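# Structural overview for review
What follows is each chain in one-letter form.
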Amino acid sequence: MSTEKLNEGQSVRVEQNQTSPEPSIDDINVLPEEIARTRKRSLLFLNIICLLLILVFLARIPYIGSYADAYIFELIFGNVKYVVYGFLISLLILKFFHNKVIKLFRSKRFIVGFILLIVGLILILAITQKYLLPNTMNVNLNSYMTGFKNWANSYQAQIYHPFLPNIWVNSYLDAGIIGTLLVIAWQYVAAILLGLVALLLVIIAILIFINRTDSKGVTLIRKWLIHILGGNLYNNAYDELSGEKNDIEPIIHQSIQIQQEAKKVEQLTPPISFLTDTSIDHYYDNKSQSQKDQQIITKFIKKLNIDSAYQNTVIMPQYSEISFEVPTRKDIDEILKAQAELLNLLKVNKFNISFKGNVVKFEIPNKVSSKISIRQILNSINQLKNNEIIAGMSFDNTPLVINTDKHPNLLIIGRRGSGAAMLLTVLLITLAYVNMPSELEYILLSPLGDKSLKYLDNLPQMQSSIIDQLDECILKLHQVLEIVEDREHKFKEVGAKTLFEYNKYQNNHSMKLKTIMLAISAFDHLIKNSLQNMEILETILKRGPAVGIKTILLAINVNNESIEPKIYENTSARFILRLESEHESLKIFDSYRGVQLYGNGDGYYFDDITNKKIRFQSCYLNANELAETVKVIETFYSTKEHLDN
């Protein structure tokens, strides 16, 4: 347990590794520790029994071992039974270990991958045998039959005759049922596989070279490929846009529809209707759960002989905050002493307790998380201006919109999997949605090669593809500094103080300058152990906004003491998401709140100008939605610029 000071009060983190000093007041649906240990021992015992049985079958020790080996394994798998034996034995042995490497081999993904690998090798062998090396790898079924007859008359085969009719024995072919089917069907499978490969190549060619085709069939294929290539089957912490199984699929719009909207003179930005409302609302489920939690907390406080008054409940996408008022600070101390008991009652892994005065707030993670979409935010505001970007929803359920003129330099800090990369993507995509490419230009640096940013390459606002090599990132940083100095010289020549004023003096449209948004993912890695890079970045942050160069910085951590003050001095708005360590959280918050955040876009927004600290939930975005949104932006603005020319 840890206690720390906050600006508005105090907060205590409660985690599952704590134990209750006395019996719980309500043991309903709580699994006793002894039962849990018994179950664990039972599973271990069953694993040992299974391992011993398989070893008995492999060694053919008693008659039952010989029978099982011959009748089950050899009949079904043939000589492949040894691979099956090895796989089962390895799987059972791995269940006795629990380190990260072993867990990988025990995972469902590995097992499925192993099976697919074996099947793939068999198919490759079949193709090679049929089409590439027919003479050297030709299968002679007659020799198989002769070998089988010799085997059938041997002592080993006698065990089959009491159980199998002759037709089954004759079809065995000393390769097992599965092996026999593969031997007979391999040429057909190989032909089908080659056909599928050819079809896939044709589909890829269509998508690459005829990307604007508006055929319904091609659109469905594109949607399917986006779904597959977007990787939304698994939630990968290193690719925050990978998605989840329950995500809502975006609507795939025909290019001709987007072009028709772009041809309308009054339509300056893509219509909101082209964005899919991919939000997932579990508000009522979480409200129902919070009501149960409220009753549990009420009983818990009453059991401690403390008078309390329920105040209110706030339902956020990741958690629910339930507030109570108690008479004295001493009562709060009593609650803190018994908090481990409450942890068991609520049946959660952890929760947070914060207090200010006599008000105690219990922050409990939701069983199911809601998701906020970009369209949901856009629908709740009148119109997004071209100098505004969307971040998400604040604690009081109002949109969190940032004015980039007031806050030209933004800082995002969050560990991998915190939603920091997703937040950066949301900021960039919403800014691109309301700005013509002729007015806005992106420069994206990602020295660690962040996968979540690769989907932005097709944005028309991109100056070039994302730069993900460290030496190229450093070179680009020097070039941006040169742009700052060049623009300062140009502004001085015409007496302009802002980009808007400078562009007013330019009669030739081609002479007008664009707003440049420089976004650097893992910027802490870029300037690590490099005083020169730090000085260049500091100069860009200080002098860039005056000449229309704005910056968004994302740091995975801020443990490097030398960079913190310089960066903070030049970023008036900061987003803090889940942090890596308590040390890091203490530096930023003067508390442990940074490591208590729930990830997936749950964070704090700091505004130095208004001196506000706002708890917010970032918009959720996955690769499928992003791919479709980028297509809408690219098609709409390319059509607009073509008409203007």
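Throughout what follows, the structure given in this document is the object of discussion.

Cut-offs applied
Residues numbered from 1 in each chain as written. Predicted model: local features only at pLDDT ≥ 70, side-chain atom pairs only at ≥ 80, totals over all residues. Heavy atoms only, no water. Core = buried A, V, L, I, M, F, W, Y, C linked by side-chain atoms within 4.5 Å. Buried < 20%, exposed > 50% of the residue type's maximum accessible area, 1.4 Å probe, protein only. Helix = DSSP H or I, 4+ residues; strand = E, 2+ residues; numbered from the N terminus. Contact = heavy atoms within 4.5 Å. Phe/Tyr/Trp six-rings, centres within 6.5 Å; stacked < 30°, edge-to-face > 60°. Patch = residues over 30% accessible without salt bridge, like charges linked within 9 Å, V, L, I, M, F, W, Y side chains within 5 Å. Areas by Shrake-Rupley, 256 points an atom, 1.4 Å probe, with all protein chains shown as cover. Salt bridge = Lys/Arg side-chain N within 4 Å of Asp/Glu carboxyl O. Lys, Arg positive; Asp, Glu negative; His and termini not counted. Charge placed at Lys NZ, Arg CZ, Asp CG, Glu CD. 1 Å grid on protein atoms, 1.4 Å probe; cavity = no way out; pocket = protein on both sides within 12 Å on 5 of 7 lines; lining within 4 Å. Points joined across faces, edges and corners; volume = space filled by probe spheres on them. Nonpolar A, V, L, I, M, F, W, Y, C, P; charged D, E, K, R; others polar.

## Section: the nonpolar core
If you look at the biggest cluster of nonpolar residues, it comprises 59 residues, and the most contacted ones within it are Ile412, Tyr442 and Phe575. For this core, the element with the most residues is helix H15 (residues 420-433), which contributes eleven residues. Setting aside its immediate chain neighbours within four residues, Tyr442 contacts Leu428, Leu431, Ala432, Leu459, Gln461, Met462, Gln463 and Met517. Counting residues in each nonpolar core, the second largest holds 40 residues, with Leu499, Leu518, Leu553 and Leu579 among its members.

## Comments concerning the packing of aromatic side chains
Ring pairs (aromatic) are described by centroid distance and by the angle formed between their planes. Under the definition given, this model contains nine aromatic pairs. For the ring pair Tyr283 and Tyr284, a centre distance of 5.2 Å and an interplane angle of 85° mean the geometry is edge-to-face. On the basis of relative accessible area, Tyr283 is assigned to the partly exposed category, the value being 33%. In this structure Tyr284 comes out as exposed when scored by relative accessible area, which is 62%. Taken together, a centroid distance of 5.6 Å and an interplanar angle of 65° make the contact between Phe575 and Phe616 edge-to-face.

## Things to note about unusual backbone geometry
Trans peptide bonds make up most of the peptide bonds, and negative phi angles are found at most residues other than glycine. A positive phi angle is found at Ala522, which is not glycine, with a value near 55°. Tracing the backbone through its elements, the reader meets Ala522 in the loop between strand E11 (515-521) and helix H18 (523-526). A positive phi angle, close to 60°, is found at Asn611, a residue other than glycine. Tracing the sequence through the fold places Asn611 in the loop between strand E14 (602-607) and strand E15 (612-618).

## Re a negative patch on the surface
Side chains of Asp457, Asp468, Asp471 and Glu472 sit close together on the surface and give a patch of like negative charge. Of note, Asp457 is situated in the loop between strand E10 (440-445) and helix H16 (470-494). By relative accessible area, which is 31% here, Asp457 ends up partly exposed.

## Digging into empty space enclosed by the protein
What the rule picks out here adds up to four cavities of 30 Å³ or more. Taken as a whole, the second largest cavity holds about 40 Å³ of empty space. Around the second largest cavity sit Leu275, Ile374, Leu378, Leu384, Ile390, Ile429, Thr430, Tyr433 and Thr629, which together line it. Among the secondary structure elements, those contributing two or more residues to the lining of the second largest cavity are helix H14 (374-379) and H15. Broken down by class, the residue content of the lining of the second largest cavity amounts to seven nonpolar, two polar and no charged.

## What about the environment of Ile258?
Structurally, Ile258 is set in helix H10 (residues 255-262). The exposure class of Ile258 is buried, given its relative accessible area of 0%. With 377 residues separating them in the primary sequence, Ile258 and Thr635 have C-alpha atoms 6.6 Å apart. Beyond its immediate chain neighbours, meaning those up to four positions away, Ile258 contacts His253, Phe274, Lys631, Val632, Thr635 and Phe636.

## Some words on the layout of surface pockets
Of the voids in this model, the largest pocket is the one considered here, and its volume is about 1400 Å³. If you list the elements that add at least two residues to the lining of the largest pocket, you get H15, helix H17 (499-504), E11 and helix H23 (623-644). When its residues are assigned to classes, the lining of the largest pocket shows 20 nonpolar, 16 polar and ten charged.

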